[in-house]
2 protein chains.
Amino acid sequence: MDQAGERREPTMRDVAALAKVSTKTVSRVINDLPGAGAEVVERVRAAARTLGYRPNLTASSLRRSDKRSATIGVLFEDLSNPFDSALLRAVEDRARHSGVLVLAGSSEDDQSLQRELLVSLSARRVDGVVVMAAGGHQDALQQERERGTPMVLVDRPPTFGSTDCVTTTNRESSREAVLQLASLGHRDIAFLGDRRTLWTSQERYTGYLEGLAQAGLTLREELVRTDLHGADLAETAATELLDLASPPTALFTAQNLVTVGAMRVLRARDLHHHTALIGFDDFPLADMLEPAVTVVRQDVPGLGRKAAELIFARIGGDTSPPVHAVVPASLVRRGSGEISPART
Amino acid sequence: MDQAGERREPTMRDVAALAKVSTKTVSRVINDLPGAGAEVVERVRAAARTLGYRPNLTASSLRRSDKRSATIGVLFEDLSNPFDSALLRAVEDRARHSGVLVLAGSSEDDQSLQRELLVSLSARRVDGVVVMAAGGHQDALQQERERGTPMVLVDRPPTFGSTDCVTTTNRESSREAVLQLASLGHRDIAFLGDRRTLWTSQERYTGYLEGLAQAGLTLREELVRTDLHGADLAETAATELLDLASPPTALFTAQNLVTVGAMRVLRARDLHHHTALIGFDDFPLADMLEPAVTVVRQDVPGLGRKAAELIFARIGGDTSPPVHAVVPASLVRRGSGEISPART
DNA sequence: TTGAAAGCGCTAACAA
DNA sequence: TTGTTAGCGCTTTCAA
């Protein structure tokens, strides 16, 4: 008895044999190249259909002179994070228009994992990569870039030259947030930030300092808490801040989960209508909380589109000097950032 | 002047030449295969390093007898959706352990787009696919499956046999939610659901009906609203329901965005502490709202892990009969579902 | 332990 | 318009 499942996958040769033409002709038909008679085209198409022929892009890109795989790599920190997945989606949409597929991976902000994934992508000969660089040195990225792989960094800039990047207005928007709080009369504005090794954290902190300076306020070192990786650490920090003899009347939380942690504490102490709060990064339902949360909103689809645009330009052969594109974020006033300090 | 960028990518041949061995020996070293003298291994490694050689998986998988690409495809509805991206992440984690990369795409619940993406994956000879089937017929999926491509459906079952799938307890958990509301004395429980073409919507509606029946309640047709695709439509529907002469005292919202839309309306009418609400699908900050929202929570990482486990088993050669795995969801009581009806 | 020859499925370069 | 030959970078097969 024949086992039906054991049929060999049909190739161009099989199609050619059935259509009584050469493989080259089949190739022309499959790829819609000119120089094939209308009648022959039909015969080849019919043969392909009969056999259930599927083109093999792997074999094709191996032989083709441009060596394109029609695939790009995306290496973000955590694909389940809303920011990362929104970016991925934006890149994917652009890729689809070029018939390009996306190989996606999460590097968990781990250098060696990022290096491994990069090697994996490299072995598959992706046409380019969009990367959220893991903290620390970027040797692996630089090395891959110098091999000639088109590369765009998002969210964080390269520590080496020669590659494009797309970031948001971390510093300027943070400054704006602090100025907003200061304009309401707040003089004791706390800063709660994520890991200091992150470029974005540093930028947001610098913006905070600039805001204070511009508003003529003095920095109170004890109101600055950093390395708050996760909502739990943020809760602890917020608790300590509010326990100070002279607690802050406003909080600037420089990251998503930090904002959530701080909110929990304010709520637990029933201070959420008395202590002002502005967070960096928008989040779902921020408008449904009480009070609704004022945030700095990044233009995530905009970041993704720009990154995609750049990588495809480079893949297309653009050799102009590297670009650092900055996509503006905006302050979304919802209430929590518009609370004035209690009169003294 | 030489253009440094014009160097040809080194191949195994180049490495072989430099190490003064055959390409076969290089192949053995690169793939850590036995049968290579310790001394030769070192010479080859050194040569590879000197030249900056990168193995070409594309060429390798073309020639190799198993034809594996060490790549799987993931085709979900929308990768920027938290449910989808959490699933992707779970699959990716499992894939990484096998040195497999993930080609990811969003089909937007569009059949023809799904078909196109499937063809793209197929052309790249992925070793298997994990798919969230788009609504309507599944001809393309079935066809691909019947070619022999290992396939696991998630969230929604296949309309054809012969393939694995992983879903959640849509019906049972919906029944449980309705029974919870009924046990508090609610007799007028509304159902607000997503598109009726979705299998999950149908299942959740069936669970709703079962819950009513089991509680001895009569179905009031006017309390059932379906095809609410997006928060806006849900808002409209909720408004209409609350405008009824005899409005519902409890809402069962069978999808994420529907829950959000309903909440907005309850809040706008200041009914959020008086009308009970249970939603299907958890969402971030559901516990920070007032009242905190009671939901049916799917075990998303569990779904993803199970799907990954199945696809890798099939890729590994498992030919046992197709499985329909069901991952239990759980009712998370937070407050909004524990509101009793006003006394009459 | 090592290598020579053939060929995976396809396209480039040329010729007819 | 169509076909022939060679070869992409690698692994298989088989021989040394």
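Everything below is about the structure shown above.
My aim in this report is to walk through the structure given alongside it, one point at a time. Computed from a predicted structure; not experimentally measured.

1. Considering the pairing of strand S1 (residues 71-76) of chain B
Residues and elements named next belong to chain B. Most of S1 sits inside the fold, with six of its six residues counted as buried. Taking every second residue as pointing to the same face, both faces of S1 are buried, with Thr 71, Gly 73 and Leu 75 on one and Ile 72, Val 74 and Phe 76 on the other. Relative to strand S2 (residues 101-106), S1 runs parallel, the two sharing six bridges. By the bridge assignment, Phe 76 is partnered in S2 with Ser 106. At this point the chain moves from S1, through helix H5 (residues 82-97), to the parallel S2, and the crossover so formed is right-handed. Both S1 and strand S3 (residues 129-131) contribute to a ladder of three bridges, which runs parallel. Residue pairing in the sheet places Leu 75 in a bridge with Val 131 of S3.

2. Here we look at the protein's contact with DNA strand C
Around DNA strand C sit 26 residues, and of these Met 12, Ser 27 and Tyr 53 of chain A together with Gly 37 and Arg 63 of chain B come closest. By atom count, sugar and phosphate contribute 64% of the portion of DNA strand C lying within 4 Å of the protein. In the environment of DNA strand C, a phosphate oxygen lies 2.6 Å from a nitrogen or oxygen atom belonging to the side chain of Ser 27 of chain A. Mapped by element, the contributors of at least two residues to the surface near DNA strand C are helix H2 (23-30) and helix H4 (57-63) of chain A together with helix H2 (23-30) and helix H4 (57-63) of chain B. Broken down by element, the residue count for the surface near DNA strand C peaks at four residues, all from H4 of chain A. Looking at the surface near DNA strand C residue by residue, the class counts come to nine nonpolar, 10 polar and seven charged.

3. Let's talk about the sheet that holds strand S6 (residues 189-192) of chain A
Each strand in a sheet pairs with its neighbour through backbone hydrogen bonds, running either in the same direction (parallel) or in the opposite one (antiparallel). Residues and elements named next belong to chain A. If you walk across this open sheet you meet the six strands as S7-S6-S8-S9-S10-S12, and the pairing is mixed. Of all the strands in the sheet, just strand S7 (224-225) and strand S12 (330-332) have a single pairing partner and so form its edges. Contacting S6, strand S8 (250-253), strand S9 (276-280), strand S10 (294-297) and S12, helix H8 (residues 170-183) runs over the sheet at an angle of about 175° to S9. Set on the sheet, helix H11 (residues 256-268) makes contact with S6, S8 and S9; between it and S9 the angle comes to about 160°.

4. Some words on the protein's contact with DNA strand D
Near DNA strand D there are 26 residues, and of these Gly 37 and Arg 63 of chain A together with Met 12, Lys 24 and Tyr 53 of chain B occur at the shortest range. Backbone atoms, meaning sugar plus phosphate, form 59% of the atoms of DNA strand D positioned within 4 Å of the protein. Note that a phosphate oxygen of DNA strand D is positioned 2.4 Å from one of the side-chain N or O atoms of Tyr 53 of chain B. Between Arg 63 of chain B and DNA strand D, the recorded distance is 3.2 Å, taken from a side-chain N or O atom to a base oxygen. At the level of secondary structure, the elements contributing two or more residues to the surface near DNA strand D comprise H2 and H4 of chain A together with H2 and H4 of chain B.

5. Concerning the interface of chain B and chain A
Each side of the interface is counted separately: chain B has 55 residues, and chain A has 56 residues. Between chain B and chain A, roughly 4,600 Å² of surface is buried when both sides are summed, and carbon and sulfur atoms account for 54% of that area. The interface formed by chain B and chain A includes 14 salt bridges. Between Glu 290 of chain A and Arg 267 of chain B there is a salt bridge, with its nearest N and O atoms 3.1 Å apart. The tally of links from chain B across to chain A stands at 38 residue pairs in polar contact (both at pLDDT 80 or more). Of all the elements in the fold, those that place two or more residues in the side of chain B that touches chain A are H4, H5, S2, helix H6 (111-123) and helix H11 (256-268) of chain B. Here the side of chain B that touches chain A takes seven residues from H5 of chain B, the largest share from any one element. Residue composition of the side of chain B that touches chain A, by class: 24 nonpolar, 15 polar and 16 charged.

6. Observations concerning the relation of the copies chain B and chain A
After a rotation of 180° and a shift along the axis of 0.0 Å, chain B superposes on chain A with an RMSD of 0.1 Å. Such a combination of turn and shift is consistent with a two-fold rotation axis. Considering only C-alpha atoms, the residue of chain B closest to the rotation axis is Leu 103 of chain B, which sits at 2.2 Å. Taken together, the interface assignments show that 100% of the residues at the interface of chain B recur at the interface of chain A, consistent with an identical surface on both copies.

7. Notes on the pattern of salt bridges
Residue and element names in this part refer to chain A. Across all of its chains, the model carries 66 salt bridges over all chains by this definition. As a salt-bridge pair, Glu 77 and Arg 195 come within 3.6 Å of each other at their nearest N and O atoms. Of this pair, Glu 77 sits in the loop between strand S1 (71-76) and helix H5 (82-97) while Arg 195 is found in the loop between S6 and helix H9 (199-214), placing the two residues 118 residues apart along the sequence. Where salt bridges share partners, they join Glu 77, Asp 109, Asp 155, Arg 156, Asp 194 and Arg 195 into one cluster.

8. Quick notes on the side chain of Asp 109 of chain B
All names here are of chain B. Mapped onto the fold, Asp 109 is located in the loop between S2 and H6. A distance of 2.8 Å separates the side chain of Asp 109 from the backbone nitrogen of Gly 135, its partner in a polar contact. If near-sequence neighbours (up to four positions away) are discounted, Asp 109 is found in contact with Glu 77, Ala 133, Ala 134, Gly 135, Arg 156, Arg 195 and Leu 198.

9. Let's talk about the sheet that holds strand S8 (residues 250-253) of chain B
Residue and element names in this part refer to chain B. Strand order in the open sheet formed by six strands is S7-S6-S8-S9-S10-S12, and the pairing between neighbours is mixed. The open sheet is flanked by strand S7 (224-225) and strand S12 (330-332), the only strands paired with a single partner. One ladder, built from two bridges, connects strand S6 (residues 189-192) with S7; its direction is parallel. Looking at S7, one finds that Leu 192 is bridged to Arg 225. In the packing of helix H9 (residues 199-214) onto the sheet, the strands contacted are S6, S7, S8 and strand S9 (276-280), and the crossing angle to S6 comes to about 170°.

10. A short note on the packing of aromatic side chains
Residues and elements named next belong to chain B. Evaluated as defined, the whole model comprises eight aromatic pairs over all chains. Ring plane angle 65° and centroid distance 5.1 Å describe the contact between Phe 191 and Tyr 205, whose orientation is recorded as edge-to-face. A residue pair is termed long-range when its members are at least 10 positions apart, and Phe 191 in strand S6 and Tyr 205 in helix H9 qualify at 14 residues. Arranged with centres 5.9 Å apart and planes meeting at 25°, the rings of Tyr 205 and Tyr 208 form a pair that is stacked.

11. What to know about unusual backbone geometry
Following Glu 290 of chain A, the chain continues to Pro 291 of chain A via a peptide bond in cis, the omega torsion being -5°. Looking at where Pro 291 of chain A falls in the secondary structure, it is placed in the loop between S9 and S10. With a phi angle near 65°, Ser 162 of chain A is a residue other than glycine that sits in the positive phi range. Structurally, Ser 162 of chain A can be placed in the loop between strand S4 (151-154) and strand S5 (164-168). Look at Asp 109 of chain B: it is not a glycine, yet its phi comes out positive at around 55°.

12. Details of the packing of helix H1 (residues 12-19) of chain B against H2 of chain B
All names here are of chain B. The geometry of H1 relative to H2 is characterised by a closest axis approach of 8 Å and an angle of 105° between their N-to-C directions. By the criterion of interaxial angle, the relationship of H1 to H2 is roughly perpendicular. Only Thr 23, Val 26, Ser 27 and Ile 30 of H2 make contact with H1, whose side of the interface consists of Met 12, Arg 13, Val 15 and Ala 16. Classifying every residue of the contact of H1 with H2 by side-chain character gives five nonpolar, two polar and one charged.

Reading the values: the criteria
- Residues numbered from 1 in each chain as written.
- Chains lettered and ligands numbered in written order.
- Predicted model: local features only at pLDDT ≥ 70, side-chain atom pairs only at ≥ 80, totals over all residues.
- Heavy atoms only, no water.
- Buried < 20%, exposed > 50% of the residue type's maximum accessible area, 1.4 Å probe, protein only.
- Helix = DSSP H or I, 4+ residues; strand = E, 2+ residues; numbered from the N terminus.
- Pairing = 2+ DSSP bridges.
- Right-handed = clockwise from strand over helix to strand, strands pointing away.
- Near = heavy atom within 4 Å.
- Polar contact = N/O pair within 3.5 Å; in protein donor to acceptor, adjacent residues only side chain to side chain.
- Nonpolar A, V, L, I, M, F, W, Y, C, P; charged D, E, K, R; others polar.
- Contact = heavy atoms within 4.5 Å.
- Axes fitted to C-alpha atoms, helices over the stretch in contact; angles between N-to-C directions.
- Buried area = accessible area lost by both parts, 1.4 Å probe.
- Salt bridge = Lys/Arg side-chain N within 4 Å of Asp/Glu carboxyl O.
- Least-squares fit on C-alpha atoms with pLDDT ≥ 70 in both.
- Phe/Tyr/Trp six-rings, centres within 6.5 Å; stacked < 30°, edge-to-face > 60°.
- Parallel < 35°, antiparallel > 145°, perpendicular 65-115°, else oblique.

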